[in-house]
Amino acid sequence: MNALQGNDRSILVIEDDRTLARLIVDTLARVGFATACAHSWGEAREALRRHSPALALLDMRLPDAEGLDCIEELAEHCPVIVLTAYGTIHDAVRAMRKGAVEYLTKPLDADKLELAITRALQVMSLRRSYEFCRAQLHPAIGQIMIGRSPAFQEVLRQVESVADTDRTVLIQGESGVGKELVAQSLHQLSSRASHNFVAVDCSTLQGNLFESELFGHERGAFTGAERRKEGLIEVAEHGTAFFDEIGELPAALQPKMLRLLEANRFRRVGGTVDHKTDARFVAASNRDLAEISKEGHFRRDLYYRLAAFVIHVPPLRARRDDIPLIAEHFLEKRNFLRQTQKHFGAAAIECLVDYPWPGNIRELRNIVERAILVSGSAPEIQPRHLALDRAAAGSGDSEHLLDGEPTLEEVKRMYVAQLVESHKGHRAKIAEILGISERNTYRLLKRYGLSER
Ligand SMILES: Nc1ncnc2c1ncn2[C@@H]1O[C@H](COP(=O)(O)OP(=O)(O)OP(=O)(O)O)[C@@H](O)[C@H]1O
Ligand SMILES: [Mg+2]
């Protein structure tokens, strides 16, 4: 059996006719594919245990199995092209139903073989890019909320109970506790999940610009409004509109927000007619809305409207049982991506559990990231790698903490991580310091797993 690398051009040929198998292998080798041969289903399974081919060619008649019965199992590993005897088109159709991507009839034509393989691999690669782009759009999709503590279980229970309703939900909690993740879960667990989740940060845009961002504008509504533009509310149609930091909503916009939440109606800037929306509303704030509405900074009626269903996400220090779990989760993610194998020492876990976590889960993630880095080649993360006393004192210098001899890449990552921490992730600022474009900074942060969203 030829060696198969887990590369993008490795093909498993499952064919009991040794002469034909040889012929296929030679043909594929000529056009640059690596191959492995299996002459029975037993051998094929054996090969799958050891290698991960990019694609498999499967003969429909094997000595120890019917090809048709093998397709489903095989397709879990890679795309499958079936080889059928001439005149058994009926088999081919059934094979496609079982999940084969293509069929070829014998005698095989070398050009057709190459074409079919190339096409199947292209489809796979496109699908991967698509999955990747989707994940970029909604980085939190697929991110799971971790926690076993009673306090967190209560949050999950509330999320589940209200997710698939049209009720407006207010999420309250300190910075970094996971409010946005809760909002995304509400969306994911609702029947709106296949539509858009649109996050609107109420603290970043002010006045007219914010209004047009949110509600859209008509042509000529203001200088520069050369054509009509849809607002985010329209993008969220049938989906979920998430108003982050709603406590920061400018006073002038609060009545319009109230009208939106109460009557599902809004008007584009410069427009004369009302539009109705079917979006579901979720809002979040790390300021206590009850408090600021008492002080008069936030309209009472808007507050009452939002307070109809409130989910309080407790700070991390109020659910210490969850700390080791979440820390392990972040470490495992890194272990997986960077193919390193690290673990926390018992003393380190104790330190994590005792720390007050003013920045909650976001801070925990940053501390774990930094610990992975400064622990260099050491397999065990220890208290000094966490540098929690420094974190509490607000200083982030970790140069003297390195264990072993880091690679250039590790040093680069550590430096960038430090910049992210000391400049609170401000991309423009970091780009300026590094002397590279914001776009490249963005790529760099992504590569090192340091970008927030
Ligand atoms: N239960 C959890 N399990 C795992 N990761 C979590 C959990 N909760 C939050 N996170 C992660 O912690 C980070 C902060 O969460 P998120 O952005 O949702 O917080 P937030 O409350 O919206 O913060 P802020 O008030 O600063 O906007 C994110 O990376 C998120 O994925
Ligand atoms: Mg947030």
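Residues numbered from 1 in each chain as written. Chains lettered and ligands numbered in written order. Predicted model: local features only at pLDDT ≥ 70, side-chain atom pairs only at ≥ 80, totals over all residues. Heavy atoms only, no water.

Participant: What is the right way to look at the pairing of strand 2 (residues 34–38) in this model?
Facilitator: On a regular strand, one side chain projects to one face of the sheet and the next to the other, so that they alternate. In terms of residue burial, strand 2 counts as a mostly covered element, since four of its five residues are buried. What joins strand 1 (residues 10–14) to strand 2 is helix 1 (residues 18–30), and the crossover it makes is right-handed. (Buried < 20%, exposed > 50% of the residue type's maximum accessible area, 1.4 Å probe, protein only. Helix = DSSP H or I, 4+ residues; strand = E, 2+ residues; numbered from the N terminus. Right-handed = clockwise from strand over helix to strand, strands pointing away.)

Participant: Explain helix 4 (residues 89–98) to me, please; I cannot follow it from the model alone.
Facilitator: Structural remark: α-helix, 3.6 residues per turn; residues separated by three or four positions point the same way. Asp91, Ala92 and Ala95 are the residues of helix 4 that are buried. Projected down its long axis, helix 4 carries its buried residues within an arc of 100°, all on one side. Turned more than 90 degrees off the buried face of helix 4, the exposed positions are Ile89, His90 and Arg97. Buried positions along helix 4 lie against strand 4 (61–62), helix 3 (67–75), strand 6 (80–84) and strand 7 (102–105). Of the residues one or two after helix 4, Gly99 is the one with positive phi, at around 120°. (Arc of directions from axis to C-beta. Contact = heavy atoms within 4.5 Å.)

Participant: I'm lost on the environment of Gly216 in this one. Help?
Facilitator: Turning to its location among the elements, Gly216 is positioned in strand 10 (residues 216–217). Residue class for Gly216 comes out buried when judged on its relative accessible area of 0%. Along the backbone, Gly216 and Leu232 are 16 residues apart, and their C-alpha atoms lie at a distance of 7.2 Å. Aside from chain neighbours lying at most four places away, what touches Gly216 is Glu211, Lys229, Glu230, Gly231, Arg268 and Val269.

Participant: Whenever I open this one, the sheet that holds strand 15 (residues 280–285) confuses me. Can you help?
Facilitator: Strand pairs in the sheet, formed through backbone hydrogen bonds, run parallel or antiparallel to each other. The five strands lie next to each other as 9-12-15-8-16, forming an open sheet whose pairing is parallel. Both edges of this open sheet fall to strand 9 (197–201) and strand 16 (310–312), since each of them pairs with a single strand only. Ignoring which end each strand starts from, the neighbouring axes of this sheet average 20° apart. Summarising the sheet, strand 9 and strand 12 (residues 240–244) pair through five bridges and their orientation is parallel. Each residue of the ladder has a partner; that of Val198, found in strand 12, is Ala241. (Pairing = 2+ DSSP bridges. Axes fitted to C-alpha atoms, helices over the stretch in contact; angles between N-to-C directions.)

Participant: Looking at this structure, I do not really get the sheet that holds strand 3 (residues 55–59). What am I missing?
Facilitator: Strands sit in the order 2-1-3-6-7 across an open sheet of five strands; the sheet is parallel. Where the open sheet ends on each side, the last strands, each with one partner, are strand 2 and strand 7. On average, each strand axis in the sheet is tilted by 20° relative to the strand beside it, whichever way the strands run. Along the sheet, helix 3 contacts strand 1, strand 3 and strand 6; its crossing angle with strand 3, the most-contacted strand, is approximately 170°.

Participant: I keep staring at the nonpolar core and nothing clicks. Help me out?
Facilitator: A general feature of soluble globular proteins is that nonpolar side chains tend to end up buried together. Core analysis: the largest hydrophobic core is formed by 28 residues, its most contacted members being Ile233, Phe243, Ile246, Met257 and Leu306. Breaking this core down by element, the ones donating at least two residues are strand 9, helix 8 (207–215), strand 12, helix 10 (254–263), strand 15, helix 11 (289–294) and helix 12 (300–306). Per-element tally for this core: the top contributor is helix 10, with four residues. For Ile233, the residues in contact, after removing those within four places along its chain, are Leu214, Phe215, Ala241, Phe243, Leu260, Phe266, Thr277, Ala279 and Phe281. Of all hydrophobic cores here, the second largest spans 22 residues; its members include Ala47, Met60, Leu68 and Ala95. (Core = buried A, V, L, I, M, F, W, Y, C linked by side-chain atoms within 4.5 Å.)

Participant: Help me understand the pattern of salt bridges in this model?
Facilitator: Pairing between side chains of opposite charge can happen when the charged atoms of each approach one another. Throughout the structure, instances matching the rule amount to 25 salt bridges. Put simply, Arg334 and Glu369 hold a salt bridge, and the shortest N to O gap is 3.1 Å. Of this pair, Arg334 sits in helix 13 (residues 322–338) while Glu369 sits in helix 15 (residues 360–374), placing them 35 residues apart in sequence. The class for Arg334 is buried, based on a relative accessible area of 11%. (Salt bridge = Lys/Arg side-chain N within 4 Å of Asp/Glu carboxyl O.)

Participant: Looking at this structure, I do not really get the side chain of Arg192. What am I missing?
Facilitator: Residue position: Arg192 is located in the loop between helix 7 (179–188) and strand 9. If we skip the residues at most four places from it in the chain, Arg192 touches Asp166, His187, His238, Gly239, Thr240, Asp278, Ala279 and Arg280.

Participant: Would you take a moment to explain the environment of Ala56 for this structure?
Facilitator: In this structure, Ala56 sits in strand 3. With 20 residues separating them in the primary sequence, Ala56 and Ala36 have C-alpha atoms 9.6 Å apart. Not counting the four nearest positions on each side in its chain, Ala56 is found in contact with Leu12, Leu74, Cys78, Pro79, Val80 and Ile81.

Participant: Explain the confidence of the model for the chain to me, please; I cannot follow it from the model alone.
Facilitator: Overall, the predicted model of the chain reaches an average pLDDT of 86, with 90% of residues at or above 70. Considering only residues more than four positions removed or in separate chains, one finds that residues 1–6, a stretch of pLDDT under 50, has 18 contacts. When the criterion is pLDDT under 50, residues 395–401 qualifies, and its contacts beyond four places in sequence or with other chains add up to 15 contacts. (pLDDT = per-residue confidence, 0-100.)

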